[in-house]
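# Descriptive structure summary
So you can see what is in the structure, the chains are spelled out below.
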Amino acid sequence: MSKFIVRGGNVLTGNVKVSGAKNSVLPIIAASLLGEEEISIIRDAPPLDDVMTINKVLEALGAEVSYDREVITVNAQNIASCEAPYELVRKMRASFLVMGPLLTRKGYTRISLPGGCAIGTRPIDQHLKGFEAMGAEITLGQGFIEARSNGRLHGAKIYLDVASVGATENIMMAATLAEGTTVIENAAKEPEIVDLANYLNSMGAVVRGAGTGVIRIEGVEKLRGTDHTVIPDRVEAGTFMIAAAMTGGNVFVEGAIADHLGPVISKLEEMGVTVDAQENGIRVIADKPLKAVDVKTLPYPGFPTDMQSQMMALLLISQGTSVVTETVFENRFMHVEQFQLMNAEIKVEGRSAIVTGGSKLSGAKVCATDLRAGAALIIAGLVAEGTTEVSGTHHIDRGYVHLAEKLAGLGADIYRISLNEDAKSAAAEGATNKKVFQKLNIQPTLA
Ligand SMILES: CC(=O)N[C@H]1[C@@H](OP(=O)(O)OP(=O)(O)OC[C@H]2O[C@@H](n3ccc(=O)[nH]c3=O)[C@H](O)[C@@H]2O)O[C@H](CO)[C@@H](O)[C@@H]1O
Ligand SMILES: C=C(OP(=O)(O)O)C(=O)O
């Protein structure tokens, strides 16, 4: 058990480096299962809990996986099992992405229904619809999904009812070894889809049109391992940009790609933040009062749902009223209650949240209800009066590398504590966490 302790009031300045993208590296690691020959080397793989989890899934399937200084090596020449263990899949939704590669390479797979952040029901019907169109037989029962094909999958034309990122990735991977051509219509266009397509092509696949609404995949007989560097994490980059804006700071977000962050940059500019896109990163300068803006989440290239809660934190201190509309996930306002504990004025009406700006945020004990909500609460804590304690850190560890250290490097007053049993009972007696550590003479553990 651990917590982030944030004391508000410091202005962020300096340089922060973005890590590799979680949402790219996870499908890419899954895709490495397609490499029947040679090993795969995946660079800039962030040391996140989700990455460790999917690595364990691959090991359980019989692949040899090593992780050293942000480089993952996968030898998937021998796949001994086609069943992803329940304990791992329930921890992380992206584990379900091994289904496409296993089905197309081995003709069979059995996977439990995926878990992950509780931001909506998150069905997988579009993944399954795609596999079925390619000739797979799907059986559901007792929390498991079985997919089998009689011989190779075959190419098909698949129209996705929603432009699902995961379904596009899973079907794209399955199609690489199918017989003939697969066309995915209403495909997701996220930069992570393009990164996966580039990885697959470098393994010997033939994928065209990734990044547009129509992706065409010509099936090939075999794929081999390759050497690939993952793109920078646009959500992590956007989180630092908002943190900088929140504190009236001046921060260079090294590695951030402006092309991937169009709507976030536009909204920041509308609010009065100066955003300077440079060749190797983005500088954010906030030296004026912030104006309220309305935000609506949409699939890429719309405003990302993964940036909604961080943006809401920023709107809390803007001047005026904003409407934040979440159209991607039906239950992604859980952070609102936590913000309210910090004195925020927000009212949820259906899929919109009406945010009254100008709140004087005050520090509070809050809980990360999902990954991005955790980051948003920390950002709010950066300007709140007094101390904010953010628990539920396991969510944050799924997607942010050394968040406390990176923010502290920019001047934030933030650290992370691990509470052992003694500390917990002392905390219950009313001591602050900091005092507990002084009393026990333990150094707080940074993220
Ligand atoms: C590991 C990863 O890359 N995660 C990202 C991915 O999640 P993920 O791939 O799970 O998100 P999807 O794009 O699939 O989901 C978008 C919407 O489509 C719906 N849907 C999805 C699949 C399906 O078969 N049927 C269906 O109805 C979902 O319930 C949701 O409402 O994209 C999301 C949307 O940008 C991001 O928030 C996540 O960070
Ligand atoms: C919702 C997210 O991730 P996942 O799809 O892995 O739950 C996220 O990254 O914000």
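The residue numbers shown here count from 1 along each chain, following its written sequence. Here the convention is simple: chains get letters from A, ligands get numbers from 1, in the order in which they are written. Selection of residues for local features in this predicted model requires a pLDDT of at least 70, selection of side-chain atom pairs for listing and counting requires 80 or more, and totals for whole chains, interfaces and linings are taken over all residues. No hydrogens and no water enter the side-chain calculation; it runs on all heavy atoms of the structure.

### Quick notes on the sheet that holds strand β25 (residues 387-391)
Which entries qualify depends on this criterion: Whether two strands pair depends on DSSP finding at least two bridges between them. By definition, any uninterrupted DSSP run of H or I lasting at least four residues is a helix, any uninterrupted run of E lasting at least two residues is a strand, and each is numbered from the N terminus. Lines are fitted to the C-alpha atoms to define the axes, a helix being fitted only along its stretch in contact, and any angle between axes, read from their N-to-C directions, falls within 0 to 180 degrees. Residue contacts are defined here by distance: any two heavy atoms, one from each residue, within 4.5 Å place the two residues in contact.
Taken together, the four strands give an open sheet; going across it, the order is β24-β25-β1-β26, and neighbouring strands pair in mixed fashion. Each edge of the open sheet is held by one strand with a lone partner, namely β24 (365-367) and β26 (413-418). For this sheet, the mean inter-axis angle between neighbouring strands, taken without regard to orientation, is 25°. The sheet contacts of helix α12 (residues 371-381) involve β1 (2-7), β24, β25 and β26, and relative to β25 the element is tilted by about 170°.

### Side note on the UniProt feature "binding site: UDP-N-acetyl-alpha-D-glucosamine" (unreviewed entry) in the protein
Defined as follows: UniProt positions are given in the numbering used here, feature names are shortened, and annotations may be inferred rather than shown by experiment. Note on exposure labels: buried denotes an accessible area under 20% of the residue type's maximum, exposed denotes more than 50%, and partly exposed covers the range between, all computed with a 1.4 Å probe on protein chains only.
Per the UniProt record, the feature "binding site: UDP-N-acetyl-alpha-D-glucosamine" (unreviewed entry) sits at R93, R122, P123, I124, D125, Q126, D306 and V328. A residue is classified by how much of its surface remains accessible, and R93, at 17% relative accessible area, is buried. Positionally, P123 belongs in the loop between β8 (108-112) and α5 (125-133). Accessibility expressed as a relative area gives 54% for P123, which makes it exposed.

### Side note on the pattern of salt bridges
Close approach of charged atoms allows side chains with opposite charge to pair. To keep it simple, the criterion reads: Any carboxyl oxygen of Asp or Glu within 4 Å of a side-chain nitrogen of Lys or Arg constitutes a salt bridge here.
This model, assessed by the stated rule, comprises 20 salt bridges. One salt bridge in this structure joins D413 and R7, with 2.9 Å as the shortest N-O distance. Placement of D413 in strand β26 and of R7 in strand β1 is noted, with a sequence separation of 406 residues between them. E349 is the partner of K347 in a salt bridge, and the nearest nitrogen-oxygen pair spans 3.1 Å. For E349, a relative accessible area of 45% gives the class partly exposed.

### Let's talk about the confidence of the model for the protein
This is how the line gets drawn: Every residue gets a pLDDT, meaning the predictor's confidence in that residue, from 0 to 100.
This prediction gives the protein a mean pLDDT of 93; 93% of its residues lie at or above 70. Across residues 428-447 the pLDDT falls below 50, and counting only partners more than four positions away or on other chains, this stretch makes 38 contacts in the model. If you check the scores for this complex, the pTM reads 0.94 and the ipTM reads 0.99.

### A short note on the site of ligand 1
Worth spelling out the cut-off: By convention in this text, a residue qualifies as near a molecule or strand provided that one of its non-hydrogen atoms is within 4 Å of it. Side-chain atoms alone can form a polar contact between residues adjacent in sequence; in general such a contact is a pair of N or O atoms within 3.5 Å, and within protein one must be able to donate a hydrogen while the other accepts it. Values of accessible area rely on a 1.4 Å probe in the Shrake-Rupley scheme; residue burial ignores everything except the protein chains shown. Basically, the charged four are Asp, Glu, Lys and Arg, the nonpolar ten are Ala, Val, Leu, Ile, Met, Phe, Trp, Tyr, Cys and Pro, and anything else, Gly included, counts as polar.
Taken together, 17 residues surround ligand 1, and among them Q126, S164, V165, D306 and V328 come closest. Here an oxygen atom of ligand 1 and a backbone polar atom of G166 are 2.8 Å apart. In isolation ligand 1 has 740 Å² of accessible area, and contact with the protein removes 85% of it. Breaking the shell around ligand 1 down by element, the ones donating at least two residues are α5 and α6 (165-175). Among the elements that line the shell around ligand 1, the one with the most residues is α5, at three residues. Class assignment of the residues belonging to the shell around ligand 1 gives a composition of six nonpolar, six polar and five charged.

### Things to note about the nonpolar core
Side chains of nonpolar character tend, in soluble globular proteins, to be buried together. Put simply, the test is: Among buried residues, those of type Ala, Val, Leu, Ile, Met, Phe, Trp, Tyr and Cys that are joined through side-chain atoms within 4.5 Å constitute a nonpolar core.
Counting residues in each nonpolar core, the largest one holds 73 residues, and the members touching the most others are I42, L58, V98, M134, M172 and L200. Among residues more than four places away in sequence, those in contact with L200 are A31, L34, M172, M173, T176, A205 and V207. Counting 69 residues, the second largest nonpolar core, distinct from the first, contains V6, F240, I265 and I414.

### Focus on the sheet that holds strand β22 (residues 345-349)
If you trace the four strands from one edge of the open sheet to the other, you get β20-β21-β23-β22, paired in mixed fashion. The sheet is open, and its two borders are formed by β20 (295-296) and β22, each paired with just one other strand. Inspection of the sheet shows β22 paired to strand β23 (residues 352-356) by five bridges, in the antiparallel sense. Its bridge partner lying in β23, K347 is registered against I354.

### Thoughts on the side chain of S322
Relative to the helices and strands, S322 is located in strand β21 (residues 321-325). A distance of 3.1 Å separates a polar side-chain atom of S322 from the backbone oxygen of V293.

### Things to note about unusual backbone geometry
The peptide bond linking Y300 to P301 adopts the cis configuration, its omega dihedral lying at 10°. Relative to the helices and strands, P301 resides in the loop between β20 and α10 (308-316). The backbone of R69 sits at a positive phi, close to 45°, despite the residue not being glycine. Turning to its location among the elements, R69 is positioned in the loop between β5 (64-68) and β6 (71-75). Of note in the backbone geometry, H402 takes a positive phi value of approximately 45° without being a glycine. Here H402 is to be found in the loop between α13 (393-399) and α14 (403-409). Look at H402 and you get partly exposed, because its relative accessible area is 40%.

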